[in-house]
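Chain by chain, the residues run as shown.
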Amino acid sequence: MLSRVANSLYWMSRYIERAENIARIVDVNLQLLLDLRNLDEERLAKHWLPIVQTTGDEEQFFALHKKATAQNVTEFLVFQTDNPNSIISSICSARENARMVRDQITVELWEELNRLYWFVRTPTARQVWQESPSEFFQQIKASSLLIIGLTYATLIHNEGWWFAQAGKFIERADKTSRILDLRYETLPEKGVPQTVSQTDALEWSAILRSCSAWDAYKTIHGAEVNPRLVAEFLLLNEDFPRSVRFCVGELNTALRHISGVAAGKFCNDAEKLAGRLVAELQFMTIDEIFEAGFHGYLDVLQGKLNDIGGALFNAYIFQNFNNLEDEIMVQQEEQQQQAGVPRPSSPVTRH
């Protein structure tokens, strides 16, 4: 498999997961406002600004908008093409990556992704948004989940599929950690909060709903909502598909399927870093995380996920040509693949 193909499948999957997670965050935040009434302008800004901060786009946001109002933040995160991480930008990027490897994906997957792309690009999306934001987000989430299901059910589970899995789970782990970081200001700098107000309970319930975790959480903890239990569930639960521990475990599995290296060993930095993070999450306790500082721990965790993504790029995507002939040969292979000319199979290009 050419590194270009692996890269496109990886980012196609990441961008679809990103669009879905942004839809989850904004939708639940809008729903939460229905429970939090009588908020003045300052408190509303404090309600919306953390969303921009947690996605890492604060600088970009204030370059385009003066205040963190509901209208500005939702426009920035949903429809603004100047924001590369908005829902519409993510879907467009996913579709472009899929187009580049059209011969590697199925008709069903391409048609659904193409349908979602044209939906968000037409005035119909704006109309649905204005009439019912919740309905708009439901369409985004439903289509994203259908694409994820089609990827699983219709693609051959070869190297390309495992690159798509790696992209999906590294993005999901990152976004779950960022959703958890939304209300860090309500927590003490270090240690577990001793009291939980009604407002705190509502906000942490919203975090669970953002991850579609409310029903799963209740099967273990009942209706009691407190930051310690919510954080433990979304960070360290080994069975919930959107917990950080579950996602990192699946990411580690995907990397080892790509290389063929057994668990407990590694042949590149991506596998080494992923395996190390798996072990950390297996043996870490939630009390240790709170004692170290919850916000600080999540920042470090996001940095580790970024490091794994960078190491994966260096191991499989980045091409370090030894001579001009190697570069010309790879370019010719890519041109033949784009033209549909059969070519001999080749391994993923590695650095």
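Please refer to the structure placed before this passage.
Residues numbered from 1 in each chain as written. Predicted model: local features only at pLDDT ≥ 70, side-chain atom pairs only at ≥ 80, totals over all residues. Heavy atoms only, no water.

J.: What should I look at first to understand the nonpolar core in this one?
T.: Formed by 100 residues in total, the largest nonpolar core has its most connected members in F136, L180, L234, L235 and F294. Counting residues per element, this core draws most heavily on helix α1 (residues 3-35), at 12 residues. Residues in contact with L234, not counting those within four places in the same chain, are T176, L180, I207, L208, C211, A213, F240, R242, S243 and V244. (Core = buried A, V, L, I, M, F, W, Y, C linked by side-chain atoms within 4.5 Å. Buried < 20%, exposed > 50% of the residue type's maximum accessible area, 1.4 Å probe, protein only. Helix = DSSP H or I, 4+ residues; strand = E, 2+ residues; numbered from the N terminus. Contact = heavy atoms within 4.5 Å.)

J.: How should I be thinking about the pattern of salt bridges in this particular structure?
T.: Oppositely charged side chains can form a pair if their charged atoms are brought close together. The tally for this structure, following the rule as stated, stands at 17 salt bridges. When the shortest N-O distance is used, the salt bridge between K141 and D27 registers 3.4 Å. Separated by 114 residues along the polypeptide, K141 in helix α8 (residues 133-154) and D27 in helix α1 bring together distant segments of the chain. By relative accessible area, which is 16% here, K141 ends up buried. Judged by its relative accessible area of 8%, D27 falls in the buried class. With a closest N to O distance of 2.9 Å, D287 and R228 form a salt bridge. With D287 in helix α15 (residues 286-292) and R228 in helix α12 (residues 227-236), this residue pair connects regions lying 59 residues apart in the sequence. (Salt bridge = Lys/Arg side-chain N within 4 Å of Asp/Glu carboxyl O.)

J.: Mind showing me how you'd approach the side chain of E17 here?
T.: Within the secondary structure, E17 is located in helix α1. Among the polar contacts made by the side chain of E17, one reaches the side chain of R172 at a distance of 2.9 Å. E17 has contacts with I148, K168, E171, R172 and R242, leaving out every residue within four places of it along the chain. (Polar contact = N/O pair within 3.5 Å; in protein donor to acceptor, adjacent residues only side chain to side chain.)

J.: Explanation requested: the packing of aromatic side chains in the structure shown.
T.: Think of a pair of aromatic rings as described by two things: how far the centres are apart, and how the planes are tilted against each other in angle. This model, assessed by the stated rule, comprises 20 aromatic pairs. Relative to F136, the ring of F79 has its centre 5.5 Å away and its plane inclined at 45 degrees; by these criteria the two rings are tilted. In this pair, F79 is assigned in the loop between α4 (70-78) and α5 (87-100) and F136 in helix α8, connecting sequence segments 57 residues apart. For the residue pair F79 and F136, the accessibility class agrees, reading buried in each case. Residues W214 and Y217 carry aromatic rings whose centres are separated by 6.3 Å and whose planes lie at 15 degrees to one another, so their mutual orientation is stacked. Taken together, the residues W214 and Y217, both in helix α11 (residues 214-221) and 3 residues apart, mark about one turn of the helix. The partly exposed category is assigned to W214, whose relative accessible area is 24%. Three or more aromatic residues joined by ring pairs make a cluster, and in this case those are F79, F119, W129, F136 and F137. The ring of Y117 is capped by R95, whose NZ or CZ atom sits 4.3 Å from the centre of that ring. If you follow R126 out to its NZ or CZ, it ends over the ring of F79, 4.1 Å from the centre. (Phe/Tyr/Trp six-rings, centres within 6.5 Å; stacked < 30°, edge-to-face > 60°. Lys NZ or Arg CZ within 6 Å of the ring centre and 35° of its normal.)

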